[in-house]
Amino acid sequence: MTTATVAPAKQVQPGAVPPPTEPTQGIPRWVWVLTILAGWIVVWSFTKGTDTLALSGQDQTDFHARLSDRVGTFGDNPVTQGIANFINAIIDSLRGLIATPTPPRPAPTIGWLGVTAVATWVGYAVANWRIALLVAASFLAFGLFGFWEDSIDLLIVTLVSVGFAVVIGFPLAILIALSSTAARVVTLGLDLLQTMPTFVYLIFVVILFGIGAPTAVICTLAYALPPIVRISGFGIRDVSPAAIEATDSLGQTTWQRLVKVQIPMARKTIILGLNQTILAALSMAIIASYINGPGLGKPVLSALTRNDFGAGLVPGLLIVLTGIMLDRTTTAASERSERVARGGGEDPRRRRLVLGALLVPVAVAVWYSRYAIDAANFPATTWGRSTADVANSWMGSITSVLDTVAGKLADLVSYGLLNPMESLLADSPWWLSCAGLLLLGVVIGGRKAIVPTVLCLAVIYQLDLWHDTMVVLNMTLVATLLVMVLGVVFGVWMARRRAVDLALRPLLDGGQTIPAFVYLIPVLALFGPTRFTAIVAAVIYAAPAAIKLVADGVRAVSPEVVEAGRSTGSTTWQEITKVQLPMAKGSLVLATNQGLLYVLAMVVIGGLVGAGALGYDVVFGLANGEYAGKGLAAGLSIVLLGIMIDRVMRSAAERAGAGAPARSGSVRSRGFGGWRRSG
Amino acid sequence: MLDLNKRWAGLAALASSGVLVLTACGGGSVGDETKANEEKIAEAGGTCGDFNIIVNPWVGFTADAYVVGAVAEEKLACNVTYLDLKEGGPSYQALKSGDGDVILEEWSHAEELKAAEDGGYAQDVGSPGNVGIIGWYVPQWLAEDHPDIMEWENLNDYADEFETSESDGKGQFLGSDPTFTQYDEAIVENLDLDYKVVFSGGETATVQAFKKAQENKEWLIGYFWEPQYIHAEVPMERVSLPPYEEGCDADKSAVACDYAETELKKVARTEFIESDSTAAALVQNFSWTNEDQNQVASYITSEGMSPEDAAARWIEENPDKVEAWLPQ
């Protein structure tokens, strides 16, 4: 683990840019950082434990109580009821059609055979026969592992949410493409939607729309809307000016230009946005099942309550499979549409003929699945249970081997890093941590960071959860530090060895897409309910993105530069530390920023496994009406923490000349890019 | 140009696999089963219709819900739906909106229940027979090795042993799920105990912690409760706190006594329970013991049965109890 020292060595302030090696005017920044920390520690040693604004688990302030009352006045209005009924009607009729039995009939209107045949046909129609086979195989897997109904439910909720996302998102995308003022306003809203922990708006959505499918659709929509708006908007705006000028000379109106030039030319980007929206929607599967949203999240969650890792793993992997299937289908569809638009590739008449002919076996399958019970309800198999049992026994032996090491590691990180830092951040009087954070923000992020830092800290203070916020900030920093250690070690390794890259990519994709609730059980078995458990869960979720970004960044370092270093006789170690990493600084900053945001996204889940603080407050507020205000305040505190860190990092990156990290939104939506690359 | 032969090969594969599946499928017909279901409804006497059971996320509750659900489905031919919801707010929201008909194991959401009764949309319909016992527990090995730990007065002598990375140099007391009724922080403070309450965050986390503590002989004291399936698997003992007296928990910040034993409640949607659905009578008659519930729960957890199978097995083993629940 010697390479670990490559990561920013100043343990006390991870999240900062790597030590600047370029000459800066006057005193280097890291000297300032150390000075501030030293000052902080000196004042802390006299004042620790005073004015920390700590609030115990069941306490709340008047502000929170007032907020709860305000939240309580929402609800029961005809508009939201109407929307809920409308969504319910759509989902219910689709479920009755293809997923759930409609009593006294023992099966849905169209049985599994018919549904599989139709889906396969659609796969062929929008893409090609390879996709058709993938679709058929996925649908058969749903049934064979015993989750037919839940899988189809998930598809229904996902596709209905995506449908709404397109209807709402596409006009917004056009709006932000046409007006930069609108773009600024909309982007702010999208930032909020993506950083606000879902559990927080669950509180509102449940009050407004009741429980079940409507709430699931609306929560999913809120989370899945940003990618399509951002990516499509970007695509439409970025159509080549030459093309626009050429057609403008023909005297077209703005509308004509949009419909005839910009949208068609941005087709590929728009479908990419759609693809990202679908994947974001899928990642809401588990959260939606907290309020009885239909789908594969339900068996995952119920396995968690039974402590049955294997039983959660199977539906968890089916969610991943659904993701692969939808991702590949939309990608192939976009490639096909591109090809057809260029007028190449196929004879449309023959294709229509083939598709028509194929309708015959599809119709037979649909018809048959209405009458024969085995074609209507998927025959029971024991595949699911036996896979679960194998997974459980594997997990048992792995955890028992790792048990002692795990305990030592947890103690090392907790006593060595987590506790001292928490003591400094959270046991300082609020004004001290406030001043310390502000100064650090300015030193690291420069003058541009002042306004966002001051604003965020002020509002966090007003939300009355200062102490809990500092505890979360501390865990976030430690988790990000670990993420970056992994990011640098594995990123560099992957960039330097093609074989490692090929072997790791699928694992990384898996880590990003498998629901966190699945691996909570083994992580809990190893580390017990502690902050460290929450950190491990967050690292599993965040590290893949960071590793990929670092790997891509290091690989992009021009071979000539590396070659030049080699010719002067530098060792591998020198090559990595003196050439590759400094040259990839932009990627390192971006990876750190993304790592932080991913870690923050896991705060609430951390609250479920012993991390307490804001995550606990959010879940507490969801379940108890009288604490709804506290839960809301906790959610907002998480958002503000995210915005503050993001802005500081971004201006730090600009100062370092690394170019601004991509907007959080576009990267937060998970990609399956690696599946394609590895496949 | 696309390779046409390839395309036709793909088509042929698709079509032939379709035909294969068709011919392989035997089994009964949907029509037969529909008829059987209709007969069952006629036989049940009175109609049931839709019956929506709320399921809160702990195994004991799953046992309640699936046993009642299985009886409703099998004997009354109801169309049962299970709604997976967090307890408290979301569950009451379901009663209010009419999506859910009954909460079979309500512990302590007095505020929500009162709001429901005032609003007229749901009401307390008696007890499922279970008694809820909340308390401070230690793993059995600890109770055996240090018997005096079972009295709260001696807890401070052992505070060092319970110290963890999370407890700031004090003893760690493991709190539980944010949604559970708990005021351990107040008890610790008011009894002058040298402990810090650390919240596990969920039932799974708490169960794992006790399991591990018993297996590895680790020191652990924490919030636990009955009925809970893990008691059968992981033995633990309840520490005695100053006994509960009426009203000693009135002011939650001044509590210095043990938790009250609570008779759990069934809370049903008013319109549902007053309807002539046969399921309404079943809900009112349903009553069993903590042992019954733990039995079903252990089928689910220790034996890995699905909730449906576990419920069916218990129903088969206890025909008399089930008979008593059916509407007369």
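Residues numbered from 1 in each chain as written. Chains lettered and ligands numbered in written order. Predicted model: local features only at pLDDT ≥ 70, side-chain atom pairs only at ≥ 80, totals over all residues. Heavy atoms only, no water.

Topic: the overall build of chain B
A count of helices and strands for chain B gives 14 helices and eleven strands. Computed over its C-alpha atoms, the radius of gyration of chain B comes to 25 Å, more than 25% above the 20 Å expected for a compact globule of 328 residues. Dimensions along the principal axes, computed over C-alpha positions, put chain B at roughly 80 × 60 × 40 Å. Taken over 328 residues, chain B has a buried fraction of 55%. Restricting the contact set of chain B to residue pairs at least 6 apart, pairs at least 24 apart contribute 73%. Taken as two groups, the 20 positive and 63 negative side-chain charges of chain B have centres that lie 8 Å from each other. (Helix = DSSP H or I, 4+ residues; strand = E, 2+ residues; numbered from the N terminus. Rg over C-alpha atoms; globule rule 2.2 N^0.38 Å. Buried < 20%, exposed > 50% of the residue type's maximum accessible area, 1.4 Å probe, protein only. Contact = heavy atoms within 4.5 Å. Lys, Arg positive; Asp, Glu negative; His and termini not counted. Charge placed at Lys NZ, Arg CZ, Asp CG, Glu CD.)

A word on the state of the cysteines
Tallying each qualifying case throughout the model produces two disulfides over all chains. Note that Cys48 of chain B is cross-linked by a disulfide to Cys78 of chain B, the S-S spacing being 1.9 Å. For the disulfide bridge between Cys48 of chain B and Cys78 of chain B, the dihedral angle about the S-S bond is near 100 degrees, and by the sign convention the bridge is right-handed. Separated by 30 residues along the polypeptide, Cys48 of chain B in the loop between helix H2 (30-44) and strand S1 (50-55) and Cys78 of chain B in the loop between helix H3 (59-76) and strand S2 (79-84) bring together distant segments of the chain. With respect to class, Cys48 of chain B is no different from Cys78 of chain B; both count as buried. Here Cys248 of chain B is linked by a disulfide to Cys257 of chain B, with a sulfur-sulfur distance of 1.9 Å. Linking Cys248 of chain B and Cys257 of chain B, the disulfide has an S-S dihedral of approximately 85 degrees and is accordingly described as right-handed. The partly exposed category is assigned to Cys248 of chain B, whose relative accessible area is 24%. Judged by its relative accessible area of 3%, Cys257 of chain B is buried. Of note for chain B: the bonded cysteines, numbered N- to C-terminal, pair according to 1-2, 3-4. The cysteine Cys434 of chain A is free of any disulfide, with Cys456 of chain A supplying the nearest cysteine sulfur at 11 Å. Among the residues examined, Cys434 of chain A registers a relative accessible area of 19% and is labelled buried. (Disulfide = S-S within 2.5 Å.)

As for the nonpolar core
One finds Phe139 and Phe517 of chain A together with Phe51, Trp136 and Tyr195 of chain B to be the most contacted residues of the largest nonpolar core, which totals 298 residues. When residues no more than four places from it in sequence are discounted, the contact partners of Phe51 of chain B are Val68, Ala72, Cys78, Asn79, Val80, Thr81, Asp101, Val102, Phe272, Ala279 and Val283 of chain B. By size, the runner-up hydrophobic cluster in this structure holds nine residues, among which are Ala183, Val186, Leu225 and Ile228 of chain A. (Core = buried A, V, L, I, M, F, W, Y, C linked by side-chain atoms within 4.5 Å.)

Details of a nonpolar patch on the surface
A cluster of nonpolar side chains, contributed by Val390, Trp394, Ile398, Val401 and Leu402 of chain A, occupies part of the molecular surface with about 520 Å² of accessible area. Mapped onto the secondary structure, Val390 of chain A falls in helix H18 (residues 383-426). (Patch = residues over 30% accessible without salt bridge, like charges linked within 9 Å, V, L, I, M, F, W, Y side chains within 5 Å. Areas by Shrake-Rupley, 256 points an atom, 1.4 Å probe, with all protein chains shown as cover. Salt bridge = Lys/Arg side-chain N within 4 Å of Asp/Glu carboxyl O.)

Re the pattern of salt bridges
Scanning the model with the defined rule gives 26 salt bridges over all chains in all. Measuring nitrogen to oxygen at the nearest pair gives 2.5 Å for the salt bridge that ties Arg555 of chain A to Asp501 of chain A. Taken together, the residues Arg555 of chain A in helix H24 (residues 531-555) and Asp501 of chain A in helix H22 (residues 498-513) connect sequence positions 54 residues apart. Residue class for Asp501 of chain A comes out buried when judged on its relative accessible area of 5%. Notably, a salt bridge pairs Arg269 of chain B with Glu271 of chain B, separated by 3.9 Å at the nearest N-O pair. Of the residues examined, Arg269 of chain B reaches a relative accessible area of 15% and is grouped as buried. Through salt bridges with shared partners, a single ionic network connects Arg306, Asp308, Arg385 and Asp389 of chain A.

Focus on the sheet that holds strand S3 (residues 102-106) of chain B
Residues and elements named next belong to chain B. Pairing is mixed in the open sheet, where five strands are placed in the order S2-S1-S3-S11-S4. Both edges of this open sheet fall to S2 and strand S4 (122-124), since each of them pairs with a single strand only. Across the sheet, the axes of successive neighbouring strands diverge by a mean angle of 25 degrees, strand direction being ignored. In this sheet, strand S11 (residues 265-269) lies alongside S3 in antiparallel orientation, the contact comprising three bridges. Bridge assignment links Ile103 to a residue of S11, and that residue is Val267. Seen against the sheet, helix H4 (residues 89-97) touches S1, S3, S4 and S11 and runs at an angle of roughly 150 degrees to S3. In the packing of helix H5 (residues 110-119) onto the sheet, contacts are made with S4 and S11, and the angle to S4 comes to roughly 120 degrees. (Pairing = 2+ DSSP bridges. Axes fitted to C-alpha atoms, helices over the stretch in contact; angles between N-to-C directions.)

A word on the UniProt feature "domain: ABC transmembrane type-1" (unreviewed entry) in chain A
All names here are of chain A. With numbering aligned to this structure, UniProt lists the feature "domain: ABC transmembrane type-1" (unreviewed entry) at residues 151-330 and 469-649. Regarding residues 151-330, the helix share stands at 86% and the strand share at 0%, and the terminal C-alpha atoms are separated by 19 Å. A distance of 19 Å separates the end C-alpha atoms of residues 469-649, which is 87% helix and 0% strand. (UniProt positions renumbered as here; feature names shortened; annotations may be inferred.)

Points about the packing of aromatic side chains
If you walk through the whole model with that rule in mind, you get 37 aromatic pairs over all chains. Measuring from ring centre to ring centre gives 5.5 Å for Phe51 of chain B and Phe272 of chain B, while their planes differ by 5 degrees; the resulting arrangement is stacked. With Phe51 of chain B in strand S1 and Phe272 of chain B in helix H10 (residues 270-273), the pair connects residues that are 221 residues apart, well separated along the chain. Taken together through their ring pairs, the aromatic side chains of Tyr137, Tyr183, Phe210, Tyr223, Phe224, Trp225 and Tyr259 of chain B make up a single cluster. Seen from the ring of Trp129 of chain A, Arg130 of chain A lies directly overhead, with NZ or CZ sitting 5.7 Å from the centre. (Phe/Tyr/Trp six-rings, centres within 6.5 Å; stacked < 30°, edge-to-face > 60°. Lys NZ or Arg CZ within 6 Å of the ring centre and 35° of its normal.)

Overview of empty space enclosed by the protein
Residue and element names in this part refer to chain A. The final tally for this structure, using the stated rule, is ten cavities of 30 Å³ or more. In this structure, the largest cavity occupies an estimated 470 Å³ of space. Lining the largest cavity we find 32 residues, and of these Thr198, Ile287, Tyr541, Ala601 and Ile605 sit closest to its centre. Sorting the residues of the lining of the largest cavity by element identifies helix H7 (180-195), helix H8 (198-209), helix H13 (285-289), helix H23 (516-527), helix H27 (585-601), helix H28 (603-607) and helix H30 (628-655) as the ones contributing at least two each. Residues that form the lining of the largest cavity fall into these classes: 24 nonpolar, six polar and two charged. Structurally, the lining of the largest cavity is a two-domain feature, drawing no fewer than three residues from each of domain 1 (29-71 + 399-667) and domain 2 (152-308). (1 Å grid on protein atoms, 1.4 Å probe; cavity = no way out; pocket = protein on both sides within 12 Å on 5 of 7 lines; lining within 4 Å. Points joined across faces, edges and corners; volume = space filled by probe spheres on them. Nonpolar A, V, L, I, M, F, W, Y, C, P; charged D, E, K, R; others polar. Domains from an automatic or database assignment.)

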